[in-house]
Amino acid sequence: MQAAMTRILTSRLALALLLGAALPLAARAQEEPPPTPGPRPNFEGAIGLQLNSSPQYQGSDLRKISPKPGIYLRWGRFSVATSSNFVTRYDDEVVRGVGAELVQRDDLRVQLGLRYDPGRKTKVSTDLAQLDDVRDTIRARISMVWQPARDWRFAAGWSNDILGRDGGALVDFGVAREFRLSRRSVLSVGTGLAWGDRQYMQARFGISPAAAARSGKPAYAPTAGLRDVAVSAQVRTDINRRWSVWGGANLSRLVGPTVDSPLTLQATQATAGAGFAWRF
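Sequence positions are assigned chain by chain, starting from 1 and proceeding in written order. Side-chain atom pairs in this predicted model are given and counted only at pLDDT of 80 or more, local residue features only at pLDDT of at least 70, and totals for whole chains, interfaces and linings cover all residues. With hydrogens and water excluded, all non-hydrogen atoms of the structure serve as input to the side-chain values.

Honestly, the overall build of the chain in this entry has me stumped. Any pointers?
Secondary structure follows DSSP: runs of H or I at least 4 residues long count as helices, runs of E at least 2 residues long count as strands, and numbering of each begins at the N terminus. When you go through the chain residue by residue, the secondary structure sums to three helices and 12 strands. Counting over 280 residues, the chain shows a buried share of 41%. Whether two residues are in contact is decided by their heavy atoms, any of which lying within 4.5 Å being enough. Look at the contacts in the chain between residues 6 or more apart in sequence, and 59% of them connect residues 24 or more apart. The cut-offs for exposure are 20% and 50% of the maximum accessible area for each residue type, with area from a 1.4 Å probe on protein chains only; residues under the lower value are buried, those over the upper are exposed, and the others partly exposed.

Dropping the structure here:
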């Protein structure tokens, strides 16, 4: 219990320090005129750092702090990104991994991408001891973002394990609304849900008979179904043409077959994060 409290306090302190460094820059941004994007370049990018506080794994009741450097590069219709938070000056939909724009219109974007899925190692939490690792793999993802009005976005995506490592497929849907707080700051609120096939559910929430015998936990074979529903909020401030800071939180609820898993120790999952980026 004491170790868990120490991890929670450490994660909150780290996030507070990052926000404390970012807020003076955000306040300064209100004194300057809004940035003018100008003509869209053929090449652009961003580098930065973000800190996330999240459960040790999906369904865990313990938390971890994760510092994560990030990079985003775009050449025409092709991009490489380590995080979706590294947005450009042109409000493009940034997708983690290697991506290619198949459709690129003002109101509709369709992207095909590949990304590395690190899976899940049992060492990330003592609650996973003696269970099976979720193997790392490569996922192919096709996503669509429809923007019928300036401040509304509807998104859908499908991803699948293309290396056949039992990672399964995941489908997600979401809707988001943006509110301009000032000339430089934008609040984005959204909601979404995710559905996984049987393989995905077994890898993340199932317990095989062999793992059950080793760990003493009951065997569990979930069916395909909804994984979770979520709401989120994020504030981003563009300090100038180069610098951007953000902070946000996500609250999700595991539903369907995931709730009955012996690995789900807490069905309500909360994450929070903050970061900054330098764009070029």
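What is the right way to look at the nonpolar core in this model?
The tendency in soluble globular proteins is for nonpolar side chains to be buried side by side. Within the largest apolar cluster, seven residues are counted, these being Tyr57, Leu128, Leu131, Ile207, Ala211, Ala212 and Leu263. Apart from residues no more than four positions distant in its own chain, Leu131 is found in contact with Thr122, Ile207, Ala211, Arg214, Ser215, Lys217 and Leu263. What is meant by a nonpolar core is a set of buried Ala, Val, Leu, Ile, Met, Phe, Trp, Tyr and Cys residues, joined one to another through side-chain atoms within 4.5 Å.

Help me understand the sheet that holds strand β4 (residues 97-104), please; the structure alone is not making it clear to me.
Each strand in a sheet pairs with another by means of backbone hydrogen bonds, the pair being arranged parallel or else antiparallel. DSSP-based pairing: two strands are paired if at least 2 bridges between them are found. As summarised here, the arrangement of the 12 strands in space is β1-β2-β3-β4-β5-β6-β7-β8-β9-β10-β11-β12, forming a closed barrel in which the pairing is antiparallel. Between one strand and the next, the sheet's axes are offset by a mean angle of 20°, whatever the strand orientation. Its contacts with the sheet put helix α2 (residues 198-205) on β5 (108-117), β6 (137-146), β8 (169-180), β9 (185-196), β10 (225-238) and β11 (243-254), and the angle it makes with β10 is roughly 75°. Here an axis means a line fitted to C-alpha atoms, over the contact stretch when the element is a helix, while the angle between two N-to-C directions is reported on a 0 to 180 degree scale.

Is there a simple way to think about the side chain of Arg184 in this case?
Its location among the elements puts Arg184 in the loop between β8 and β9. Two N or O atoms count as a polar contact when they lie within 3.5 Å, although within protein this holds only if one can serve as hydrogen donor and the other as acceptor, and sequence-adjacent residues are included solely when both atoms are side-chain atoms. Here the side chain of Arg184 touches Asp238 through a polar contact of 2.9 Å, landing on its backbone oxygen.

Looking at this structure, how should I read α2?
Note that an α-helix has 3.6 residues per turn; residues three or four places apart therefore point the same way. Listed as buried for α2 are Tyr200, Met201, Arg204 and Phe205. Projection of α2 onto a plane perpendicular to its axis shows the buried side chains occupying an angular sector of 95°, all on one side. Where α2 is buried, its residues contact β5, β6, β8, β9, β10 and β11. Each C-beta atom gives one direction from the helix axis, and the arc is the one those directions make.

How should I be thinking about the pattern of salt bridges in this particular structure?
Opposite charge on two side chains permits them to pair, given that their charged atoms come into close proximity. Here, a salt bridge means any side-chain nitrogen of Lys or Arg that lies within 4 Å of a carboxyl oxygen of Asp or Glu. Inspection of the entire model under this criterion finds 13 salt bridges. Of the charged contacts in the structure, one is a salt bridge between Arg74 and Glu44, with a shortest N-O distance of 2.8 Å. You can see Arg74 sitting in strand β2 (residues 63-75) and its partner Glu44 sitting in strand β1 (residues 43-55), a full 30 residues away along the chain. A relative accessible area of 3% means that Glu44 is categorised as buried. In this structure, the salt-bridge partner of Arg165 is Asp136, at a minimum N-O distance of 3.2 Å. Highlighted residues: Arg165 in the loop between β7 (152-161) and β8 and Asp136 in the loop between β5 and β6, separated in sequence by 29 residues. We classify Asp136 as partly exposed; its relative accessible area is 25%. Put simply, Asp117, Arg139 and Arg204 are held in one network by salt bridges that share partners.

Looking at this structure, how should I read the side chain of Asp228?
Summarising the element assignment, Asp228 is placed in strand β10. Here Arg227 takes part through its side chain, which lies 3.3 Å from a polar atom of the side chain of Asp228. Those residues in contact with Asp228, other than ones at most four positions away along the chain, are Gln58, Gly192, Leu193, Ala194, Ser252, Arg253, Leu254 and Val255.

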